Amino acid sequence: MPTPFIQTRALEYTYFAEDGRAIPALRGIDLTVGRGEFVALVGPNGSGKSTLARHFNALLLPTAGEVWVDGLSTADPRQVQAIRQRVGMVFQNPDNQLVAGTVEEDVAFGPENLGVPPAEIRRRVDEALEVVGMTAYRHHPPHMLSGGQKQRVAIAGALATRPHCIIFDEPTSMLDAEGRRQVLQTVRQLNAELGLTVILITQSMDEAALARRVLVMDGGQIVRDGPPEEVLEDPEVEKLGLGQPFAAEVARRLRERGVPLPSGLLTVEALVAALTETHRSYAVGLPG
Amino acid sequence: MHIRVESLTHIYARGTPAERVALRGVDLEIEPGERVGISGPTGSGKSTLVQHIAGLLTPAAGRVLLDGVPAHARTPEARARRRQVGLAFQFPEAQMFEVTVFREVAFGPRHLGLNADEIAARVRWALEMVGLDPDAFADRVPFALSGGEMRRVALAGILALKPQVLILDEPTAGLDPRGRADILARLRAWQEQTGATFILVSHHLDEMAGLVDRVVLLADGQVVADGPTRHILGDGDRLRSVGLSPPPGVVLLEALRAAGWPVRTDALVIEEIISEIVRCIER
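The rules behind these values
Residues numbered from 1 in each chain as written. Chains lettered and ligands numbered in written order. Predicted model: local features only at pLDDT ≥ 70, side-chain atom pairs only at ≥ 80, totals over all residues. Heavy atoms only, no water. Helix = DSSP H or I, 4+ residues; strand = E, 2+ residues; numbered from the N terminus. Rg over C-alpha atoms; globule rule 2.2 N^0.38 Å. Buried < 20%, exposed > 50% of the residue type's maximum accessible area, 1.4 Å probe, protein only. Contact = heavy atoms within 4.5 Å. Areas by Shrake-Rupley, 256 points an atom, 1.4 Å probe, with all protein chains shown as cover. Lys, Arg positive; Asp, Glu negative; His and termini not counted. Charge placed at Lys NZ, Arg CZ, Asp CG, Glu CD. Salt bridge = Lys/Arg side-chain N within 4 Å of Asp/Glu carboxyl O. Buried area = accessible area lost by both parts, 1.4 Å probe. Polar contact = N/O pair within 3.5 Å; in protein donor to acceptor, adjacent residues only side chain to side chain. Nonpolar A, V, L, I, M, F, W, Y, C, P; charged D, E, K, R; others polar. Domains from an automatic or database assignment. Expected span 1.5 Å × (residues − 1). Pairing = 2+ DSSP bridges. Axes fitted to C-alpha atoms, helices over the stretch in contact; angles between N-to-C directions. Core = buried A, V, L, I, M, F, W, Y, C linked by side-chain atoms within 4.5 Å.

So, on to the overall build of chain B. Within chain B, the regular secondary structure consists of twelve helices and ten strands. Over its C-alpha trace chain B gives a radius of gyration of 20 Å, about what one expects of a compact globule, namely 19 Å for 283 residues. Projecting the C-alpha coordinates of chain B onto the three principal axes gives extents of approximately 65 × 50 × 35 Å. Burial analysis of chain B (283 residues in total) assigns 54% to the buried set. In chain B, of all internal contacts separated by at least 6 residues, the share reaching a separation of at least 24 is 60%. Element-wise, carbon and sulfur atoms account for 50% of the exposed surface of chain B, whose accessible area totals about 11,600 Å². Of note, chain B has its 32 positive side-chain charges centred 3 Å away from the centre of its 36 negative side-chain charges.

If you want it as structure tokens, here you go:
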């Protein structure tokens, strides 16, 4: 078990609608995310995913219960800046996150606000742009970039504050296929190569399959927590209408048609390998 | 309504350092009642093209004709035709402003000069079309609804205009998979009921596959392919060459083919994909 990085205890969050009704958005969340984990957070619209994630960098404070980040309580106002420095966020729409006239000014915005000395800012900006593969665009105005490029600049901006963890809130939902590919590759790299803790909120079960742990939310609670191979094919999770990874759905339907296939086939590569194995045994007349 | 796009060119920020050509001489014809998908990578000109079809932009060169009348003209004939084109932008709920769901959906019909009974009937019909119970939702505050409900209200506001042409720009962006499938099924039912022209702009090619009969691909402001859905979306190499990812079924079948399976690679919907694999196994 890695060192705990984010911990919540009996976390509840209730807000009031315009008509005065109390809406319980989070109902008793007990969760530990270890340092360096890659966690996908999935669930229907309105299940509380974003609300939960906003507690991880003190953008929201619990109505009841507690949240600690790297041992710091989000309820302690003196720790808020330290917490936000440790946990960066990247949102859905890159156009709402880019503020400056050039890519490198945009990436420098975060460390400037933290009062980092200019020479250090220079170093961090160069490094962050290198990590996301956007060095060649450093002097470009952000609005001239493609969606995937903008989102990578937003990621570089988060990286330049030197966080231990980045929360991605549906970072690919407004991107085309190439943009999605670029962003997901960057997300995986931040976790695998830099050891950052990554929390990926997504509506795509194919994206969730990239994580090593999947949390499923429904009605303000975590209803399932486990590795993607166990969670994403669970019929109870299926009932929430989240869909399955494409390959898992094909495998399930093939099993229903009598094709012998193991469970846990979450990617096209895994499915093709398993099918080809089965098919070869058919071909040489071995028992199927 | 007959739509004809002739040598259409659009240039943003013309004469400034940020000048960008978004459409370069696009020719396109869409017959009444057609179901057409328009796709292409970000920046390919999809959204610009449909805004021209709705008469919201003025061409730098070329023109769009709606039943023979230039779409952007300031004439009563052009205005009457533009009213028959309903365009839902991405995240249409961002443009809602009324205080109740009823008033929000009624906004368009009211401006068509319909009487109160007709307006009420249209609001009911449109809310039912998008899967919202009119009795439960009419008096609610739009901004207190969930994201999926708000999207439905915004779409109902456009359906209530009873347009002859409905253009949807990424109508399911940000919705969960169940909401996505439900809204698309309802829009398809609406199209079948009304026989209206249906234009779907999206880069989710798997969603597009079951909804349209024809696909137009744009790249860098030009039409690079235009044909039957299977012909366009089943051609993985061409999609990749313009920077799009093929639908996952095509990717799977291509991978099986590469592994030696004698499969067709242009199956688009899941039933078809399963049948194709089973057919090979049972040979």
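Within chain A, the regular secondary structure consists of eleven helices and ten strands. Here the C-alpha radius of gyration of chain A, 21 Å, is about what a compact globule of 288 residues would show, namely 19 Å. Overall size of chain A, expressed as C-alpha extent along the three principal axes, is 70 × 50 × 40 Å. When contacts within chain A are restricted to residue pairs at least 6 apart in sequence, those whose partners lie at least 24 apart make up 63%. Of the roughly 12,600 Å² that chain A leaves accessible, carbon and sulfur atoms contribute 51%. Where the 28 positive side-chain charges of chain A centre and where its 36 negative ones centre are 1 Å apart.

Attention now moves to the pattern of salt bridges. All names here are of chain A. If you walk through the whole model with that rule in mind, you get 46 salt bridges over all chains. Glu236 is paired through a salt bridge with Lys239; the nearest N and O atoms lie 2.9 Å apart. With respect to burial, Glu236 and Lys239 carry one shared label: exposed. Salt-bridge contacts for Arg253 lead to Glu249; the nearest nitrogen and oxygen are separated by 3.3 Å.

Turning next to the interface of chain A and chain B. Counting residues at the interface gives 35 residues for chain A and 34 residues for chain B. Roughly 3,000 Å² is buried in total at the junction of chain A and chain B, and carbon and sulfur atoms are behind 65% of that figure. The tally of links between chain A and chain B comes to one salt bridge. Linking B:Glu271 and A:Arg253 is a salt bridge whose minimum nitrogen-to-oxygen distance equals 3.5 Å. Taken together, the connections running from chain A to chain B amount to seven residue pairs in polar contact (both at pLDDT 80 or more). Counting residues per element, the ones that place at least two in the side of chain A that touches chain B are helix H6 (177-192), helix H10 (246-256) and helix H11 (268-283) of chain A. Top element by residues in the side of chain A that touches chain B is H11(A). It accounts for seven residues. A class-by-class count of the residues in the side of chain A that touches chain B yields 16 nonpolar, eight polar and eleven charged.

All names here are of chain A. Splitting chain A by domain gives domain 1 (4-244) and domain 2 (245-288). Centre-to-centre, using C-alpha coordinates, domain 1 lies 35 Å away from domain 2. Both sides of the domain 1 and domain 2 interface together cover about 740 Å² of buried area, and 53% of this is carbon and sulfur. Of all residues in domain 1, the largest losses of buried area upon contact with domain 2 belong to Asp206, Glu233 and Gln244, amounting jointly to 68% of the total for that side. Inspection of the region where domain 1 meets domain 2 yields one salt bridge.

All names here are of chain B. Along the chain, Gly33 turns up in the loop between strand E2 (20-30) and strand E3 (35-39). On the basis of relative accessibility, which here comes to 30%, the residue Gly33 falls in the partly exposed class. Taking C-alpha positions, Gly33 is 9.8 Å from Ile199, a pair spaced 166 residues apart along the chain. With residues near it in sequence (within four places) discarded, Gly33 still touches Gln191, Gly195, Ala196 and Thr197.

A few words now on helix H5 (residues 147-159) of chain A. Between its first and last C-alpha atoms H5(A) spans 18 Å; for 13 residues at 1.5 Å apiece the expected length is 18 Å, and the two agree. The element H5(A) is largely enclosed, with a buried count of 13 among its 13 residues.

Residue and element names in this part refer to chain B. Strand order in this open sheet of four strands is E2-E1-E4-E5, and the pairing throughout is antiparallel. Each of the sheet's edge strands pairs with one partner strand only, and the pair in question is E2 and strand E5 (69-70). Bridge count for strand E1 (residues 3-12) against E2 is seven bridges, and the pairing is antiparallel. Within E2, the position partnered with Arg4 by the bridge is Glu29. Sheet contacts for helix H1 (residues 46-53): E1, E2 and strand E4 (61-66); angle to E1, the most-contacted strand, approximately 125°.

Counting residues in hydrophobic clusters, the biggest one holds 50 residues, and the most contacted among them are B:Val105 and B:Phe198. The element that contributes the greatest number of residues to this core is helix H6 (residues 147-159) of chain B, accounting for seven residues. In this structure B:Val105 touches B:Val123, B:Ala126, B:Leu127, B:Val153, B:Ala156, B:Gly157 and B:Ala160, once residues within four positions along its chain are discounted. Membership of the second largest hydrophobic core comes to 46 residues, among which are A:Val132, A:Ala158, A:Ala209 and A:Val216.

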